[in-house]
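Here's the letter readout for the chains.
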Amino acid sequence: MRVRITAEAFDPQAEIASFTAGRDDAGALVNFVGTCRAANNGAAVETLRIDQYPGFTEKEITRLADETGRRFDCPDMLVVHRVGVIRPGEAIVLVAALSVHRANAFDAVKVLMDYLKTDAPLWKKETGPQGARWIEPRPEDHARRLQAEKG
Amino acid sequence: MVARLFHRREAQVVRLVFLGKFGDMAPADLAQIALPGDVRSLADLQAWLTRTEPQLGAAMAATKTRLIVNQCVAHDLSQSVADGDEIAFLPPMSGG
């Protein structure tokens, strides 16, 4: 499993190209890219800041990716997560999974994203014309997380 | 009086890390702090923080706060605090 926390903007296509280079053992590649929106619930977003707990954040995301990869029999998964100040339009997170057939790769990406929303040690703060506010997981994020656990 | 208390038991110096919204509330001098001698466990530490920083204590009590000691999740608040520990306080997470 490959996990990278980065304070620099990243190019999801380049990350995927490097992740899949030389792989001929997987028939399926599924990826998800989350990007920063210019508005959240009708309020303009100027910047998003994501804080990490250095060391612990990468360790925990690696643990979640390992568990998910094992569960869905994916030979490899990739997580790239931005931290620091992010502007609308920039990628926040990339999750990709390789598997022999497509169903496992789709499931692995969905479940790992559900885990990242509630269990990855990251904290988002949105700043807009109305000021700044910390974002916490929504009830639907917790519901999806529970569903992901049940399978 | 305070000096005498410290005499009885060597003061423990710990590093405290406050993440997310807790980081906005915690004064910078808590980053490295000599704890009073009666702070022996994580529960004692939380109680002491609530006494010294009531706003921060209230914010921690109002939400699900996780404690991480030396990069490992603490499941039991009776866990001892040792000199040199790094203890982090995590509010609910919001990745992805």
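Residues numbered from 1 in each chain as written. Chains lettered and ligands numbered in written order. Predicted model: local features only at pLDDT ≥ 70, side-chain atom pairs only at ≥ 80, totals over all residues.

A. Layout of the sheet that holds strand 10 (residues 131-135) of chain A. Residues and elements named next belong to chain A. Spatially, the four strands line up as an open sheet ordered 7-5-9-10, and their pairing is antiparallel. Two strands lie at the open edges of the sheet, namely strand 7 (84-86) and strand 10, each paired on one side alone. For this sheet, the mean inter-axis angle between neighbouring strands, taken without regard to orientation, is 25°. As defined by bridge partners, strand 5 (residues 47-52) adjoins strand 9 (residues 122-128) across six bridges and the pair is classed as antiparallel. (Pairing = 2+ DSSP bridges. Helix = DSSP H or I, 4+ residues; strand = E, 2+ residues; numbered from the N terminus. Axes fitted to C-alpha atoms, helices over the stretch in contact; angles between N-to-C directions.)

B. Layout of the interface of chain B and chain A. Every contact between the two is made by 14 residues of chain B and, on the other side, 22 residues of chain A. Of the residues contributing to the side of chain B that touches chain A, the split by class is eight nonpolar, five polar and one charged. (Contact = placed C-beta atoms within 7 Å. Nonpolar A, V, L, I, M, F, W, Y, C, P; charged D, E, K, R; others polar.)

C. Representation of the pairing of strand 8 (residues 91-99) of chain A. Residue and element names in this part refer to chain A. Buried residues dominate strand 8, accounting for eight of its nine residues. Sheet analysis places strand 2 (residues 28-35) next to strand 8, joined by eight bridges and oriented antiparallel. Each residue of the ladder has a partner; that of Ala28, found in strand 8, is Ser99. Relative to strand 8, strand 6 (residues 76-82) is paired through six bridges, and the arrangement is antiparallel. (Buried ≥ 20, exposed ≤ 12 C-beta atoms within 10 Å, placed from the backbone.)

D. Local environment of unusual backbone geometry. Residues and elements named next belong to chain B. The phi dihedral of Asn70 is positive, around 50°, even though this residue is not glycine. Residue position: Asn70 is located in the loop between strand 3 (66-69) and strand 4 (72-73). We classify Asn70 as partly exposed; it has 13 C-beta atoms within 10 Å. We note that Gln71 has phi near 75°; this positive angle belongs to a residue other than glycine. By the element assignment, Gln71 lies in the loop between strand 3 and strand 4. Gln71 gets classed as partly exposed once you count the C-beta atoms within 10 Å, which come to 13.

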